[in-house]
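Examining the three-dimensional arrangement
Single-letter residue listing:
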Amino acid sequence: MTAQILDGKATAAEIKSDLTARVAALRERGVTPGLGTVLVGDDPGSRKYVAGKHRDCAEVGIASIERELSATATQDDVEKVVRELNEDPACTGYIVQLPLPAGLDENRVLGLMDPAKDADGLHPVNLGRLVLGEPAPLPCTPNGILTLLRRHGVEIAGAHVVVVGRGVTIGRPMPLLLTRRTENATVTQCHTGTHDLPSHLRRADIIIAAAGSPHLIRAEDVKPGAAVLDVGVSRGPDGKILGDVHPDVREVAAWLSPNPGGVGPMTRAQLLVNVVEAAERGVG
Ligand SMILES: Nc1nc2c(c(=O)[nH]1)N[C@@H](CN(C=O)c1ccc(C(=O)N[C@@H](CCC(=O)O)C(=O)O)cc1)CN2
């Protein structure tokens, strides 16, 4: 078996094309959605992701508001920018690029954001709403993964999904989305403390690998016919992306998300969806 590709790049392009029409409709009503980003420090990966977000904005007609702080920025400096974006009427939604440099309190920064402008769905109020099943902006990578599966016709209802990872952007919220009544998946959450990871992986219909551990998921750990989503981003000595999934998995899985070109573009597309939805809510 050779896996079919879960093509994030093509799916994100479809989403962006739909959003372009919705943004044009908003602009006709005098509303220009604006995405703010807060980038702290000089991590090249974070810089690249933020630049990509603004390129996407330009593509669909969303205005960009960029705030950059140096690696020596203090907690107060970051919080000041967050307060400014909370008050800025041109900013419909914004994100604080994670991770923040060591020494800064990420949770405190996220908690200071206006939940109505939280384009990442990572504010504690919005994560709480997700737990309670109330409407909220959804975290971009988990929601992007669901969209990617749905648009390729991969059955989620009744599937046994193994999520590997427990970080705030993917691992924690992913099972919350998958176990909603609209999705009806059964989830096993694994992490660095899990004993005998392969025994869990082998029972999965869908594997979501977000551990940041290069080639952690090997072909022999994957049930033939499973769908495998590679979310991990590590870098080889040449700077190229090394995903969590070994390339041989292609011969066993029925569906595989490439990395790059799979979940990453979907994360960016879902961010735009959150910004446009916030602007649409604003006009009623
Ligand atoms: N505030 C947030 N911080 C972070 C998030 C997040 O959702 N919100 N997720 C990740 C990084 N991320 C978005 O910010 C992100 C990661 C990857 C991509 C992407 O398009 N990747 C490309 C490859 C790019 C490359 O060559 O490096 C791909 O997969 O094709 C976009 C966004 C952590 N921080």
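Residues numbered from 1 in each chain as written. Predicted model: local features only at pLDDT ≥ 70, side-chain atom pairs only at ≥ 80, totals over all residues.

The next thing to look at is the sheet that holds strand β4 (residues 93-96). Reading across the sheet, the 3 strands line up as β3-β2-β4 and stay open at both edges, with parallel pairing between neighbours. Every other strand in the sheet has two partners, leaving β3 (63-69) and β4 as the edge strands with one partner each. The average angle at which neighbouring strand axes cross in this sheet is 15 degrees, direction not considered. Contacting β2 (34-40), β3 and β4, helix α3 (residues 75-87) crosses the sheet at an angle of about 180 degrees to β2. (Pairing = 2+ DSSP bridges. Helix = DSSP H or I, 4+ residues; strand = E, 2+ residues; numbered from the N terminus. Axes fitted to C-alpha atoms, helices over the stretch in contact; angles between N-to-C directions. Contact = placed C-beta atoms within 7 Å.)

Here the focus is the UniProt feature "domain: Tetrahydrofolate dehydrogenase/cyclohydrolase catalytic" (unreviewed entry) in the protein. UniProt's entry tags residues 6-120 with the feature "domain: Tetrahydrofolate dehydrogenase/cyclohydrolase catalytic" (unreviewed entry), counted in the numbering of this structure. In residues 6-120, helix accounts for 50% and strand for 16%; the two terminal C-alpha atoms are 23 Å from one another. (UniProt positions renumbered as here; feature names shortened; annotations may be inferred.)

Okay, the environment of Asp 248 next. As for its position among the elements, Asp 248 is in the loop between β10 (241-242) and β11 (255-256). Under the C-beta neighbour-count criterion, Asp 248 is labelled partly exposed, with 14 such atoms within 10 Å. Sequence separation of Asp 248 and Glu 220 is 28 residues, and the distance between their C-alpha atoms is 9.1 Å. In contact with Asp 248, not counting residues within four places along its chain, are Arg 218 and Ala 219. (Buried ≥ 20, exposed ≤ 12 C-beta atoms within 10 Å, placed from the backbone.)

The subject of this paragraph is the environment of Pro 224. Residue placement: Pro 224 occurs in the loop between β7 (206-209) and β8 (227-230). The spatial distance from the C-alpha of Pro 224 to the C-alpha of Ile 170 is 25 Å, given a sequence separation of 54 residues.

Let's shift gears to helix α9 (residues 263-283). Look at α9: 31 Å from first C-alpha to last across 21 residues, which is about the 30 Å you get at 1.5 Å a residue. Burial analysis of α9 places 15 of its 21 residues in the buried class, which makes it a mostly covered element. Trailing α9 by a residue or two, Gly 284 shows a phi angle of about 90 degrees, which is positive. (Expected span 1.5 Å × (residues − 1).)

Another point: the UniProt feature "binding site: NADP(+)" (unreviewed entry) in the protein. Cross-referencing UniProt, the feature "binding site: NADP(+)" (unreviewed entry) maps to Gly 165, Arg 166, Gly 167 and Val 233 in the present numbering. You can see Arg 166 is positioned in the loop between β5 (160-164) and α7 (173-178). What makes Arg 166 partly exposed here is the crowd of 18 C-beta atoms within 10 Å. Sequence-distant contacts of Arg 166, that is, excluding residues within four places in its chain, are made with Gly 171, Arg 172, Gln 189 and His 191. Mapped onto the elements, Val 233 comes out in the loop between β8 and β9 (234-235).

Our next topic: the pairing of β8. If a strand is regular, its side chains alternate between the two faces of the sheet. Residues of β8 alternate between two faces, with Ala 227 and Leu 229 on one and Val 228 and Asp 230 on the opposite face, all of them buried. Note: β7 against β8, 4 bridges, orientation parallel. Paired with Ile 207 across the bridge in β8 is Val 228. As paired strands, β8 and β11 are joined by 2 bridges and run parallel to one another. Opposite Val 228, over in β11, you have Leu 256 as the bridge partner.

We now examine the pairing of β3. Taken together, the 7 bridges between β2 and β3 define a ladder with parallel strand orientation. In the strand pairing of β3, Val 40 is matched with Leu 69. Once the chain exits β2 it traverses helix α2 (residues 44-60) before rejoining the sheet at β3, and the crossover so formed is right-handed. (Right-handed = clockwise from strand over helix to strand, strands pointing away.)

Looking at the assigned domains, one finds that the protein contains domain 1 (27-117) and domain 2 (140-264). Computed over C-alpha atoms only, the centres of domain 1 and domain 2 are separated by 28 Å. (Domains from an automatic or database assignment.)

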